[in-house]
Amino acid sequence: MTFRQTGYLLVQSLLRTLRAFVLSVFGIAVGVSVLAFFLAMSLGMQKRVLHRIFPTDRIEVIPPKASVQDTGALGALGAISALVGGQKTLSKDVIETLRAHKDVEAVFPRLRVAFPVRGWGGERLVGRPIYTDLPIDGIDPAAVSEKTTPWEFKDYENAKNPFCTEDKNCPQGFFCSWDKNQCEPPVPVLISPTLLEFYNGSFARMYGLPRITGFLVNQLRGLLATAELGRSFVSRREAGRARQRKLVLVGVSDRAQTFGLTVPLAYVQRWNAEYAGEKAATEFSSLTVQVKPGRSATGVVETVRKLGFAIEDNGAEQAGLAVLLITALFVLTALSTLAVATLNVAHTFFRAIAERRHELGVMRAVGASRWDVLRLLLAESAVMGFVGGVIGVLVARLVALGIDRMSRSALPDFPFKPDSYFWFSGELVVGLVGFSMLLCVLGAAWPARNAARLSPAEALTAR
């Protein structure tokens, strides 16, 4: 038979067995809709929530945390080594070793301020100054790919700037550092998306402050604040001579520390050397290791641990595992439904073939081959799978849209609240429809094979 003839017979067969066809499609659609819903939700949670909070293409290397309370031989040895020989530090040699790893794209050192810093500012945002201690760290400017404004994210402090005694002696945008009577631009500062999410989801609602949307973030670039080095509002601890520096917000980057301010590394190195000693300026707090695209971080983590260092636990592994376990539970439920639907397809075809035995015998008698009969029956099952798969995906998509709409209208804003909890990618949709067709073909394969093996005489003489 030609494909055109097969198509004609296919349509006629489906119309004659419409009721059985609809029931089989219904079972397949239910299973596919449940499977599509939970797979899309899992992908959405990973891409739209987890990957925003915990970037999967980088790891944070920190010094080992061995102590005498650690259990096991390795912990005890690490504690003794730390007490006798000193704790391992993140030096330039460690950076070069990691950069040489085949799966590592780049390594960027980070350094925390090792002395108290307090600051005030924010009048443009809340209408009054906010006074607080400032957690600050520094990172290599090469790690930051985002475009910053009104200043670049780089070190400006060593530039040759004019002499001054007060701010009005300086060019526009510069400020007088009174401790050395030199005009300097403000220190460029980055904040993290997590800090913005926390502000929008909790702080702004709690105190009736404006939410910082994408438009307002751009308006806040250039927001100024004052930092006083060596002084604290929280404690009486002081370090060295107090000095004031202007800070300017230049952008939002996921390279910034989660809760705090991030400045170019050179500033923190100089400040730590002056206020906390040379050791605090040369021993890095952590290393941000960027993994090459498409490569796994597993080998890098193993190398880090062999070097005697630890990976900062940010909760990403636990959160990802929880999403995976929940998804696996519901996927198993969906697969159970699809297994029942597949058995129903097999039962439907066994019954349909028994009813159409004489028809199939006539087809064989007028020249149809065994392959023609098999192809016709499997094509019917593939159409069932296609229709059931498409309907199942559409139902899952409509339910997902309803949940997203309800979330936007009924749930209050919270940190990292996504616009959608689902990810219906083209690959997922095609894969689900293809999987549905495969299940139906497998369900119909046995009865179709038995029907194709019947000789014309057997089929025509059977009652």
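To keep things clear, this report deals only with the structure shown in the data block.

How each quantity is defined
- Residues numbered from 1 in each chain as written.
- Predicted model: local features only at pLDDT ≥ 70, side-chain atom pairs only at ≥ 80, totals over all residues.
- Heavy atoms only, no water.
- Disulfide = S-S within 2.5 Å.
- Helix = DSSP H or I, 4+ residues; strand = E, 2+ residues; numbered from the N terminus.
- Buried < 20%, exposed > 50% of the residue type's maximum accessible area, 1.4 Å probe, protein only.
- Polar contact = N/O pair within 3.5 Å; in protein donor to acceptor, adjacent residues only side chain to side chain.
- Contact = heavy atoms within 4.5 Å.
- Expected span 1.5 Å × (residues − 1).
- Bend = angle between axes of the 7 residues up to and from the residue.
- Pairing = 2+ DSSP bridges.

Okay, the state of the cysteines next. All told, the structure shown has 2 disulfides when counted by the stated rule. Two residues share a disulfide in this structure: Cys164 and Cys176, whose sulfurs sit 2.1 Å from each other. Handedness here is read from the sign of the S-S torsion; for Cys164 and Cys176, about 90°, the answer is right-handed. Of this pair, Cys164 sits in the loop between strand E5 (136-139) and strand E6 (175-177) while Cys176 sits in strand E6; the two residues are 12 residues apart in sequence, bridging distant segments of the chain. Across this residue pair, the class does not change: Cys164 and Cys176 are buried. Cys170 shares a disulfide with Cys183; S-S distance 2.1 Å. A torsion of -85° about the S-S bond marks the disulfide between Cys170 and Cys183 as left-handed. With Cys170 in the loop between E5 and E6 and Cys183 in strand E7 (residues 182-184), the pair connects residues that are 13 residues apart, well separated along the chain. Listing the disulfide partners of the chain by sequence rank of the bonded cysteines yields 1-3, 2-4.

Within the fold, Gln257 resides in the loop between strand E10 (243-252) and strand E11 (261-264). At 2.9 Å, the side chain of Gln257 and the backbone oxygen of Leu261 are in polar contact. Those residues in contact with Gln257, other than ones at most four positions away along the chain, are Arg110, Pro135, Ile136, Asp137, Ser192 and Thr262.

The next point concerns helix H6 (residues 193-207). The end-to-end C-alpha separation of H6 is 20 Å, in line with the 21 Å expected for 15 residues at 1.5 Å each. At Tyr199, H6 shows its maximal kink, close to 40°. Taken residue by residue, H6 has Thr194, Leu196, Glu197, Tyr199, Asn200, Gly201 and Ala204 as its buried positions. Just past H6, the residue Gly208 takes up positive phi, approximately 65°.

Consecutive side chains of a regular strand alternate in pointing toward one face of the sheet and then the other. Counting buried residues along strand E8 (residues 187-191), 5 of its 5 residues qualify, which places the element largely inside the surrounding structure. When E8 meets E10, the two strands line up parallel, connected through 5 bridges. By the bridge assignment for E10, Val189 is matched with Leu249.

These results come straight from atomic positions and should not be treated as a statement about function.
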